[in-house]
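Reading the structure
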Amino acid sequence: MNPITLVIVAALILAGLWAGGIVTPEAGNISPLYALPFLGAAALVGLSLKMANTWQKFVVLRAGKLQGVRGPGLFFIIPVIDRIVAVIDERIQTTGFNAEQALTRDTVPVNVDAVIFWHVHDAQAAALKITNYREAIDRVAQTSLRETIGSSMLATLLSDRTASNERLRAEISAKTAHWGVAVMSVEVRDVAIPVALQDAMSRQAQAEREKQARIILGSAEAEVASLFVAAADSYAEHPAALQLRAMNIIYETTKERGSTILIPTSMIDSMNPASAINLAALASRPDDRPAQPPP
């Protein structure tokens, strides 16, 4: 009994007790029969006045036939003739379900846990077209989940969960729509695979990463080699650039204090163009010593 009905019934009972002189025994000329109308009204109000919350719908039958769907708010029914057969909660509901040892398309056994978000949008259909719509939603969700697993590859089930969730939602919604139940979303929470298969997949992923790393390293080495070839061609065409590069290398190495650096003399001479020209001229000059007379 709702609070409003309870207050009205209590007030009528108290009024009946007062009218019948039950709570005022000093009034001896008052007959207890005066309390009967108030008590009868209290019983009638208690049986007929109902209240539905804003998220509830009451399905009422009159003499076995559908009278209507009432709520939210206060409403009356005719006692004995009218009967409330279902109270439907139209708020969003969540139902967890799972599929144990289900085989994927590539024959891999998996355990999948999921949750479905749904709500009743047609209280009349949910009450009259199916015996227990909550239990039916659970059964349909489990069956649809197994069908989805059986038609999906393991890699797709693990990597593309968004598509799997949407596909599962569409399948469940198509089966529950005529019950007055709308499926908002389905989310796969966990996909568990055997431990032995986890080890194999881990080794496969490691091999794939190592392969990709070697490919990247080879591409980097090829790019660096091409840059070295271009640099060598530039130095061959411009010797001065090579000398500047050599001087820059020496400068970079001498920035560290407290270190001893050995530089070949040929490298120093190659960085001094004047000395290099003089050495080349001396090397090409004929010998000025007087010729020795023949014996």
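Residues numbered from 1 in each chain as written. Predicted model: local features only at pLDDT ≥ 70, side-chain atom pairs only at ≥ 80, totals over all residues. Heavy atoms only, no water.

Before going further, it helps to examine the packing of aromatic side chains. Summed over the entire model, instances satisfying the criterion amount to two aromatic pairs. Between the aromatic rings of Phe58 and Phe75, the centroid separation amounts to 5.4 Å while the plane-to-plane angle is 65°, which identifies the pairing as edge-to-face. On the criterion of sequence distance, the pair formed by Phe58 in strand β2 (residues 56-62) and Phe75 in strand β4 (residues 73-76) is long-range, its members being 17 residues apart. Per residue, the accessibility class of Phe58 equals that of Phe75, and both read buried. (Phe/Tyr/Trp six-rings, centres within 6.5 Å; stacked < 30°, edge-to-face > 60°. Helix = DSSP H or I, 4+ residues; strand = E, 2+ residues; numbered from the N terminus. Buried < 20%, exposed > 50% of the residue type's maximum accessible area, 1.4 Å probe, protein only.)

Further remarks concern the environment of Gly180. Within the secondary structure, Gly180 is located in the loop between α6 (161-176) and β8 (181-192). Separated by 47 residues in sequence, Gly180 and Tyr133 have C-alpha atoms that sit 9.2 Å apart. Those residues in contact with Gly180, other than ones at most four positions away along the chain, are His119, Val120, His121, Asp122 and Ala125. (Contact = heavy atoms within 4.5 Å.)

Right, let's get into the sheet that holds strand β6 (residues 93-103). What links the strands of a sheet is backbone hydrogen bonding, and the strands pair in either a parallel or an antiparallel sense. Here we have three strands laid out as an open sheet, ordered β6-β7-β8, and antiparallel in their pairing. Either end of the sheet is taken by a strand with one partner, and the two such strands are β6 and β8. Averaged over all neighbouring strand pairs, the angle between strand axes comes to 20°, with direction disregarded. Here 10 bridges tie strand β7 (residues 109-120) to β8, and the two strands are oriented antiparallel to one another. Bridge pairing in β8 links Asn111 to Ala192. On the sheet, helix α4 (residues 133-150) packs against β6, β7 and β8 and is oriented at approximately 40° with respect to β6. Strands β6, β7 and β8 of the sheet are contacted by α6, whose axis makes an angle of about 140° with β8. (Pairing = 2+ DSSP bridges. Axes fitted to C-alpha atoms, helices over the stretch in contact; angles between N-to-C directions.)

This part covers a nonpolar patch on the surface. Side chains of Ile13, Leu33, Leu36 and Leu39 sit close together on the surface and give an oily, nonpolar patch of about 360 Å² of accessible area. Tracing the chain through its elements places Leu33 in the loop between α1 (3-19) and α2 (35-48). When its relative accessible area of 59% is taken as the criterion, Leu33 is described as exposed. (Patch = residues over 30% accessible without salt bridge, like charges linked within 9 Å, V, L, I, M, F, W, Y side chains within 5 Å. Areas by Shrake-Rupley, 256 points an atom, 1.4 Å probe, with all protein chains shown as cover. Salt bridge = Lys/Arg side-chain N within 4 Å of Asp/Glu carboxyl O.)

What follows deals with the packing of α1 against α2. For the pair α1 and α2, interaxial distance at closest approach is 7 Å and the crossing angle is 170°. Considering the angle they form, α1 stands roughly antiparallel to α2. Within the contact between the two elements, α1 uses Thr5, Ile8, Val9, Leu12, Ile13, Ala15, Gly16, Leu17 and Ala19 and α2 uses Ala35, Phe38, Leu39, Ala41, Ala42, Val45 and Gly46. For the contact of α1 with α2, the residue count by class is 13 nonpolar, three polar and no charged. (Parallel < 35°, antiparallel > 145°, perpendicular 65-115°, else oblique. Nonpolar A, V, L, I, M, F, W, Y, C, P; charged D, E, K, R; others polar.)

This next bit is on the side chain of Thr148. Residue position: Thr148 is located in helix α4. A distance of 2.9 Å separates a polar atom in the side chain of Thr148 from the backbone oxygen of Ser144. Residues within four places of Thr148 in sequence aside, it is in contact with Arg167, Leu168 and Glu171. (Polar contact = N/O pair within 3.5 Å; in protein donor to acceptor, adjacent residues only side chain to side chain.)

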